Amino acid sequence: MLLNGDCPESLKKEEGAAEPPRENGLDEADPGDETTGQEVIVIQDTGFSVKILAPGIEPFSLQVSPQEMVQEIHQVLMDREDTCHRTCFSLHLDGNVLDHFSELRSVEGLQEGSVLRVVEEPYTVREARIHVRHVRDLLKSLDPSDAFNGVDCNSLSFLSVFTDGDLGDSGKRKKGLEMDPIDCTPPEYILPGSRERPLCPLQPQNRDWKPLQCLKVLTMSGWNPPPGNRKMHGDLMYLFVITAEDRQVSITASTRGFYLNQSTAYHFNPKPASPRFLSHSLVELLNQVSPAFRKNFAVLQRKRVQRHPFERIATPFQVYSWTAPQAEHAMDCVRAEDAYTSRLGYEEHIPGQTRDWNEELQTTRELPRKNLPERLLRERAIFKVHSDFTAAATRGAMAVIDGNVMAINPSEETKMQMFIWNNIFFSLGFDVRDHYKDFGGDVAAYVAPTNDLNGVRTYNAVDVEGLYTLGTVVVDYRGYRVTAQSIIPGILERDQEQSVIYGSIDFGKTVVSHPRYLELLERTSRPLKILRHRVLNDRDEEVELCSSVECKGIIGNDGRHYILDLLRTFPPDLNFLPVPGEELPEECARAGFPRMQQKASQLETPSSLENGGPSSLESKSEDPPGPEAGSEEEGSSASGLAKVKELAETIAADDGTDPRSREVIRNACKAVGSISSTAFDIRFNPDIFSPGVRFPESCQDEVRDQKQLLKDAAAFLLSCQIPGLVKDCVEHAVLPMDGATLAEVMRQRGINMRYLGKVLELVLRSPARHQLDHVYKIGIGELITRSAKHIFKTYLQGVELSGLSAAISHFLNCFLSSYPNPVAHLPADELVSKKRNKRRKNRPPGAADNTAWAVVTPQELWKDICQEAKNYFDFHLECETVDQAVETYGLQKITLLREISLKTGIQVLLKEYSFDSRHKPAFTEEDVLNIFPVVKHVNPKASDAFHFFQSGQAKVQQGFLKEGCELINEALNLFNNVYGAMHVETCACLRLLARLHYIMGDYAEALSNQQKAVLMSERVMGIEHPNTIQEYMHLALYCFASSQLSTALSLLYRARYLMLLVFGEDHPEMALLDNNIGLVLHGVMEYDLSLRFLENALAVSTKYHGPKALKVALSHHLVARVYESKAEFRSALQHEKEGYTIYKTQFTAPSMASVLEQLNVINGILFIPLSQKDLENLKAEVARRHQLQEASRNKDRAEEPMATEPAPAGAPEDLGSQPPAAKDPSPSVQG
């Protein structure tokens, strides 16, 4: 109950991380046990405080910890209000300079109370640039434009608008009920029943954003770089400034600091000007020159420091906003410089210094991992390099599509071009060499990169020492898909035929193998469920492989063993791969499978199968990014095999002496196609049904079994997994709120997005159809927007850069506007220029003189959408226009706009769109502000932190709150250690901590943790992500508990607004939200308002839980209480009666057991609930211990039965302790 099902999916189902740790040098030990506890204590040495002496200010003390680096003290000083203007300094202890990169514990003589002096150092060109950049960052510190533009890992957060600053203090002021009544009435559009869905409140104007103007212009001067004779005087560079008072000054940055010179815009005179003031910091110089600067800069820094740190820390991966207000474009020297150099991170804004990505990615993997501190260091390094690589790859991919990078094969046609930029290799998702001719051509080539990325993710998660994958990022931008990969050393110098020593480069005609690769891949075969198998090559020789033939092994010049082309890591999904002469099971045939689909994705359903049962397919869909889908085992319980499996487990838990039980296990294993006869170990041959792959005669039986296994898996998906998903939705075990959360829920159960049509059909046929209304709406919206996205992709490829905003606004008009015949505005020069016939070779991809997009009409587009929905999802949409779709399926246009924008990277202007106007189109060119890339990448995991988190959850579920709290605090520290401050998993950790503190009565701590969770969710997942909505609701509860009533209300109103925007009113979660709002309003005596919300909650609960549910009874009771407060006793009585009736039908006379339970409770006796099976296991364990003691007492008698046993002498111990680990990799169960 504690978790309330709102732990993010990525944390619930990490199958990848649950098995591999044995590979990681982790023992089987549970993270909760002594050894790890000791290890952790070692890491967290106690902190101490040092005194800092900086020029010009009072000395102050600073708390530090021994494992921090000296560099981190530098960062703190550059962030503090009174020292933020210094960047070029060193720290001295007793006259000795401290090294930047040494840890504090290694500094001799540094202890509690030591004095560190800040000593100004002479500038270099690099240091001067860093200083100017830092001053610019300070000036822009409250300006949200970087977040709106999706730059430098900035993202938006609006929590402070609703809490008026920090929550901790404001609670003291607003005690009790001293509230203005105006606080309570929400805007009209938030009230139940309102049809209005405005967009502007999504990004309310923050009053801190009206930036205080410190300077009008700060830019590099045109006189740069200094001439030789000035260089010899120490000039490094020149700056040009216009102050707020309109005074124009030129500044010289020299080795000693900054001073004014006498140059003007047209006349160079480097001599110092008056006042002759040399300052080591640019800020101090500007303070002298401009009174307005001095005043405003001080206010700005004060405000900056008051903001919550989580509002300003960079996120690990860029988050883009799909709406933004109209912003003025201001002059910015640093931005201008960044645009023309390939700067990525501070270190390299000197052009020509690029990083060797491949070397960095592989070296971090090679770091030692024997104990916890080593693993933390390794995981932190891996995570950091991955996030840097993703940023670099995204930037490069955009440059490639925008045509700013020269191809390495410029003479070939555009689709075939490849690019290298910043040591990253880029290729486009087109079928250039007819690789995918048989599987759907370009459509298949478009999907292959995501399957390849899933392969990379999976091999990375298994993390075998000695096996290397390429850094891989897939970027969708302007209708093109670009794959960015790190470069294997030496691959560009030699021919591909020579370098591949494992696998096949021609789809299985010539196949080679290599003993070292087999040995390495063999280690991945168990966690990945891949079968080692033999295939024939073109000379009919048998070749042994432990992966698909597609997977290629290349030894780089650095001697490392790389694997690449992992797109068929998993076997095919037969429901989408018609094979002549093969019959599918009847469940599949009944559902209309197999269906041919124009996609390579029909080849790869990454189906990682769990031990036992036909198990579930872990399939990732053609597109959405997301954490690894761990295969869940639920479904197999639906099959008869669950009983067999349970039987096998109970037998295995015995000493295994009984030969009959052995036989049972053997038969059970055979029945499920296990490769081992003593345990369920199902593995798949990924080459089955691959065209062009032939198997030797000797393996025909195995191949037949493998084919059967794949058919079983395909049937299992339809007969167990999809019905299981629908059942979970009916029972509200999962509550998707938008397209992304629905996709996530499907992917967790191994259901590919292409089954969306089947899921919707099942929902329609379900007896509880009206209780699945929300799922149906989300599903239809997802189906429409995904189909529209497929069309939009090809539509955009025909648009050249100058027509981009016109084309996108035209598409949005055709898709969402009720205006019957929108006309596209062609860019002006298109209409005039006649001299454009000579086609140039070297154009960016697809920049044909193509204006076909301009003639698309709404009728055509919607016809195409329905066609695409039929072809791709096998679902028949009953609508010809957007208005029909909205009418038939109860959708919202604003929700469709949000979904399509998020999927395609469109950013629109924040304003109210009149979608329903029949007189003018909803969108104009000016409304499309930007198009962002949609990026998919590997998410490296913090394995130890994750195990702590799971153990903590398990402890909490068993009722040990204190211990659980400690473990989760530990997990939080480790997450911070690996991911830095901002991450989705840290967010889940904070939320759980807040909830635990709340339950244990520590409201202040709960509030502080939950505030961090909200800020982090806004920054990392998005300001209107369903997860953020839930975080807002929790925060409101803790605010109310801390007597901050008006804050609690405004947070709840915000959550309700977001939910209306993302889905609408008719959602089961809305009942919970409205009950919350109603109760708070009741508390502040706003009875009429309270009733509106509570009655809406009652209606929604009745619809989704059925009129006889306990939630509905509770709702009746809440409504009755408000009527009672209003002194309308008749209505109150009516509702209490309704509630009573429900309770009466639900509860009959109390059983003796329940009376006993209550007696126990009132006497303070609590039981930990154990299942019958747990009790039996406990008894068996006690009996077994007893037997072991008996056995040790009289050894002689025990040795006779042992002699007949093939097992080693330690067998009873081993057999008893092994199966739980083997059968269930999830620590939470063991915990």
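Here the structure is a predicted model, which is why all the values come from computation and not from measurement. (Residues numbered from 1 in each chain as written. Predicted model: local features only at pLDDT ≥ 70, side-chain atom pairs only at ≥ 80, totals over all residues. Heavy atoms only, no water.)

**Notes on the overall build of the chain**
The secondary structure content of the chain amounts to 45 helices and 23 strands. Going through the 1231 residues of the chain one by one, you find that 55% of them count as buried. For the chain, long-range pairs separated by at least 24 residues make up 71% of all intrachain contacts whose partners lie at least 6 apart in sequence. Surface accessibility of the chain: about 54000 Å² in total, with carbon and sulfur atoms responsible for 54%. (Helix = DSSP H or I, 4+ residues; strand = E, 2+ residues; numbered from the N terminus. Buried < 20%, exposed > 50% of the residue type's maximum accessible area, 1.4 Å probe, protein only. Contact = heavy atoms within 4.5 Å. Areas by Shrake-Rupley, 256 points an atom, 1.4 Å probe, with all protein chains shown as cover.)

**Some points on the nonpolar core**
Across soluble globular proteins, you tend to see nonpolar side chains buried next to one another. Counting residues in hydrophobic clusters, the biggest one holds 219 residues, and the most contacted among them are Phe815 and Leu877. In terms of residue count, helix H36 (residues 1045-1062) provides more of this core than any other element does, 13 residues in total. Of all hydrophobic cores here, the second largest spans 29 residues; its members include Leu236, Val289, Phe293 and Phe297. (Core = buried A, V, L, I, M, F, W, Y, C linked by side-chain atoms within 4.5 Å.)

**Structural notes on the pattern of salt bridges**
Side chains carrying opposite charge are able to pair once their charged atoms draw close together. One pass over the full model with this rule turns up 64 salt bridges. Across the salt bridge formed by Asp463 and Arg365, the nearest N and O atoms sit 3.0 Å from each other. With Asp463 in the loop between helix H16 (441-462) and strand S13 (467-468) and Arg365 in helix H14 (residues 357-366), the pair connects residues that are 98 residues apart, well separated along the chain. An identical accessibility class is assigned to Asp463 and Arg365; each is buried. Among the salt bridges present, the one from Arg560 reaches Asp558, with a minimum N-O distance of 2.8 Å. What you see here is one network of salt bridges that share partners, running through Asp738, Glu782, Arg786, Arg898, Glu899, Lys903 and Glu1024. (Salt bridge = Lys/Arg side-chain N within 4 Å of Asp/Glu carboxyl O.)

**Side note on the side chain of Asn454**
Its location among the elements puts Asn454 in helix H16. For Asn454, a relative accessible area of 5% gives the class buried. A polar side-chain atom of Asn454 sits 3.0 Å from a polar atom in the side chain of Arg457. (Polar contact = N/O pair within 3.5 Å; in protein donor to acceptor, adjacent residues only side chain to side chain.)

**Digging into helix H26 (residues 804-816)**
Here H26 contains 13 residues, and its C-alpha end-to-end distance of 18 Å stays within 8% of the 18 Å for a straight helix at 1.5 Å per residue. Burial analysis of H26 places 12 of its 13 residues in the buried class, the great majority of the element. Turning to H26, its buried residues number three or more, namely Leu804, Ala806, Ala807, Ile808, Ser809, His810, Phe811, Leu812, Asn813, Cys814, Phe815 and Leu816. Residues of H26 that are buried sit in contact with helix H25 (773-797), helix H28 (858-873), helix H29 (882-889), helix H30 (893-904), strand S21 (906-909) and strand S22 (928-931). (Expected span 1.5 Å × (residues − 1).)

**Considerations on the side chain of Ser917**
Tracing the chain through its elements places Ser917 in the loop between S21 and S22. Judged by relative accessible area, which is 18%, Ser917 ranks as buried. Among the polar contacts made by the side chain of Ser917, one reaches the main-chain amide nitrogen of Lys920 at a distance of 3.2 Å. Not counting residues within four places of it along the chain, the set of residues in contact with Ser917 comprises Ser818 and Tyr819.

**Overview of a nonpolar patch on the surface**
On the surface, Leu1110, Leu1114, Tyr1143 and Phe1147 cluster together into a nonpolar patch covering about 370 Å² of accessible area. With respect to the helices, strands and loops of the structure, Tyr1143 is situated in helix H40 (residues 1129-1146). According to the relative accessible area criterion, Tyr1143 is partly exposed, its value standing at 32%. (Patch = residues over 30% accessible without salt bridge, like charges linked within 9 Å, V, L, I, M, F, W, Y side chains within 5 Å.)

**Comments concerning unusual backbone geometry**
Trans is the prevailing form of peptide bonds, just as negative phi is the prevailing case for residues other than glycine. Note the cis peptide between Asn224 and Pro225, where omega equals -10°. Along the chain, the position of Pro225 falls in the loop between strand S6 (215-220) and helix H9 (228-231). Backbone torsion omega between Phe593 and Pro594 reads 0°, so that peptide bond is classified as cis. Structurally, the position occupied by Pro594 is in the loop between helix H19 (586-590) and helix H20 (641-653). Unusually for a residue other than glycine, Asn423 sits at a positive phi of about 65°. As for its position among the elements, Asn423 is in the loop between strand S11 (418-421) and strand S12 (424-428). Residue classification places Asn423 among the partly exposed positions, given a relative accessible area of 32%. You will see that Ala1127, though not glycine, has its phi angle at about 65°, which is positive.

**Topic: the pairing of strand S8 (residues 248-254)**
A regular strand places its side chains on the two faces of the sheet in alternate fashion. Of all seven residues that make up S8, six are buried, and the element is covered over most of its length. In the sheet, strand S7 (residues 235-243) pairs with S8 via seven bridges, with the strands oriented antiparallel. Residue pairing for S8: Ile242 is matched across the bridge by Gln248. Connecting S7 to the antiparallel partner S8 that follows it, the hairpin turn spans four residues, and Asp246 within it adopts a positive phi of roughly 70°. (Pairing = 2+ DSSP bridges.)

**Thoughts on the sheet that holds S8**
A sheet is described by the order of its strands in space; here four strands give the open sequence S6-S7-S8-S9, paired in antiparallel fashion. In this open sheet, the two edge strands, each paired with only one partner strand, are S6 and strand S9 (257-261). Pairwise comparison of adjacent strand axes, ignoring direction, gives a mean angle of 30° for this sheet. Across the face of the sheet, helix H5 (residues 125-139) comes into contact with S6, S7, S8 and S9 while running at roughly 20° to S7. (Axes fitted to C-alpha atoms, helices over the stretch in contact; angles between N-to-C directions.)

**What about the confidence of the model for the chain?**
Summing up the model confidence of the chain, the mean pLDDT is 81 and the portion of residues at 70 or higher is 79%. Segment residues 1-44: pLDDT under 50, and 106 contacts once partners within four positions in sequence are set aside and those in other chains are kept. Across residues 342-352, where pLDDT falls below 50, the model places 28 contacts with residues more than four positions away in sequence or in other chains. (pLDDT = per-residue confidence, 0-100.)

**Concerning the sheet that holds S12**
Taken in spatial order, the five strands of this open sheet run S11-S12-S15-S14-S23, and their pairing is antiparallel. Whereas interior strands pair on both sides, the edge strands pair on one side only; in this sheet they are S11 and strand S23 (934-937). Strand-to-strand twist in this sheet, taken as the mean axis angle between neighbours without regard to direction, amounts to 20°. Sheet topology note: the S12/strand S15 (residues 480-486) ladder contains five bridges and is antiparallel. The residue bridging Phe425 from the neighbouring strand is Gln485, located in S15.

**Here we look at the packing of aromatic side chains**
On inspection of all chains with the given rule, the structure shows 31 aromatic pairs. Ring geometry for Tyr123 versus Phe258: centroids 5.4 Å apart, planes at 75°, classification edge-to-face. One end of the pair, Tyr123, is in the loop between strand S5 (115-120) and H5; the other, Phe258, is in strand S9, and 135 residues separate them in sequence. One cation-aromatic arrangement involves Arg560 over Tyr468; the distance from NZ or CZ to the ring centre is 5.5 Å. Note that Arg754 overlies the ring of Phe576, its terminal NZ or CZ placed 4.8 Å from the centroid. (Phe/Tyr/Trp six-rings, centres within 6.5 Å; stacked < 30°, edge-to-face > 60°. Lys NZ or Arg CZ within 6 Å of the ring centre and 35° of its normal.)

**Quick word on the pairing of S21**
Bridging between strand S10 (residues 323-324) and S21 involves two bridges; their strand directions are parallel. The residue of S21 that forms the bridge with Thr323 is Val908. Pairing of S21 with S22 involves three bridges; the strand directions are antiparallel. Counted as the bridge partner of Ile906 is Ile931 from S22.

**Details of H30**
With 12 residues, H30 ought to run about 16 Å at 1.5 Å a step, and its terminal C-alpha atoms sit 16 Å apart, in line with that. Counting buried positions along H30 gives 11 out of 12 residues, so the element sits mostly inside the fold. Positive phi appears at Gly905, one or two residues downstream of H30, with a value of about 85°.

**Brief notes about the environment of Arg523**
Within the secondary structure, Arg523 is located in helix H18 (residues 515-528). Judged by its relative accessible area of 32%, Arg523 falls in the partly exposed class. As a C-alpha pair, Arg523 and Cys546 span 23 residues in sequence and 9.6 Å in three-dimensional space. A distance of 3.5 Å separates a polar side-chain atom of Arg523 from the backbone oxygen of Glu465.

**A few points about the environment of Glu519**
Note on placement: Glu519 falls in helix H18. With a relative accessible area of 43%, Glu519 lands in the partly exposed category. With 27 residues separating them in the primary sequence, Glu519 and Cys546 have C-alpha atoms 8.9 Å apart. Within the structure, Glu519 has its side chain in polar contact with the side chain of Arg516 (distance 3.0 Å).

**So, the packing of helix H35 (residues 1026-1041) against H36**
Where H35 contacts H36, the axes come no closer than 8 Å and their chain directions differ by 165°. The orientation of H35 relative to H36 falls into the category roughly antiparallel. Handedness of the H35/H36 crossing: left-handed. Between H35 and H36, the contacting residues are Ile1029, Tyr1032, Met1033, Leu1035, Ala1036, Cys1039 and Phe1040 on the first element and Leu1045, Thr1047, Ala1048, Leu1051, Leu1052, Arg1054, Ala1055, Leu1058, Met1059 and Val1062 on the second. Classifying every residue of the contact of H35 with H36 gives 15 nonpolar, one polar and one charged. (Parallel < 35°, antiparallel > 145°, perpendicular 65-115°, else oblique. Left-handed = near helix turned anticlockwise from the far one by under 90°. Nonpolar A, V, L, I, M, F, W, Y, C, P; charged D, E, K, R; others polar.)

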